[in-house]
Amino acid sequence: MVKAGRAAATWRAYREVSKPGSPGLGARIRAVPRMLRAAIKGDYPGMTKGKLAMLGMAVAYIVSPIDVVPDFLLGIGVVDDFGVFLWLATALLGESGQFVDWEHGDRPVHTGKVRR
């Protein structure tokens, strides 16, 4: 079940990147440092502090020697790290695409807040 979810997330990321008129993979990757700087400064409204914290925790989990499933369990121990990596890559690619659109003024950013 978890593998199917990861595969679906990867497929959605691929479709998003390959959508006509959407920023390409290279533009998204180059935009990640700019997006993170703008989000930390508070200039980019599409990335909340909560999203930044989740991205940071994902990076910490990947590089940390302490895992939920120990790496010495070959095959199984690496899968959890890879799942977190897939989530991180998918999240960064999706967000950076929205950031590039926001930078160019093409589309407004959806922050999840409802305006009244």
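Please refer to the structure higher up on the page.
These numbers come from a predicted model, not from an experiment. (Residues numbered from 1 in each chain as written. Predicted model: local features only at pLDDT ≥ 70, side-chain atom pairs only at ≥ 80, totals over all residues. Heavy atoms only, no water.)

(A) Expanded view of the overall build of the protein. Secondary structure assignment for the protein yields four helices and zero strands. Each helix (α) and strand (β) of the protein, taken in turn from the N terminus, gives the series α-α-α-α. A burial count over the protein gives 29% of its 116 residues as buried. When contacts within the protein are restricted to residue pairs at least 6 apart in sequence, those whose partners lie at least 24 apart make up 57%. (Helix = DSSP H or I, 4+ residues; strand = E, 2+ residues; numbered from the N terminus. Buried < 20%, exposed > 50% of the residue type's maximum accessible area, 1.4 Å probe, protein only. Contact = heavy atoms within 4.5 Å.)

(B) A look at the side chain of S96. Structurally, S96 can be placed in helix α4 (residues 76-104). Its relative accessible area of 0% is what places S96 among the buried residues. Not counting the four nearest positions on each side in its chain, S96 is found in contact with R28, A31, V32 and M35.

(C) Main features of the pattern of salt bridges. Applying the stated criterion across every chain, the model contains two salt bridges. Notably, a salt bridge pairs E103 with R34, separated by 2.8 Å at the nearest N-O pair. Of this pair, E103 sits in helix α4 while R34 sits in helix α2 (residues 25-41), and the two are 69 residues apart along the sequence. By relative accessible area, which is 33% here, R34 ends up partly exposed. (Salt bridge = Lys/Arg side-chain N within 4 Å of Asp/Glu carboxyl O.)

(D) How the structure looks around the packing of α2 against helix α3 (residues 49-63). Direction vectors running N to C along α2 and α3 enclose 130°, while the axes themselves pass 10 Å from each other. Judged on the interaxial angle alone, α3 and α2 are oblique. The interaxial crossing formed by α2 with α3 has left-handed handedness. Contact residues: L36, A39 and I40 in α2; K49, L52 and L55 in α3. Residues of the contact of α2 with α3, tallied by class, amount to five nonpolar, no polar and one charged. (Axes fitted to C-alpha atoms, helices over the stretch in contact; angles between N-to-C directions. Parallel < 35°, antiparallel > 145°, perpendicular 65-115°, else oblique. Left-handed = near helix turned anticlockwise from the far one by under 90°. Nonpolar A, V, L, I, M, F, W, Y, C, P; charged D, E, K, R; others polar.)

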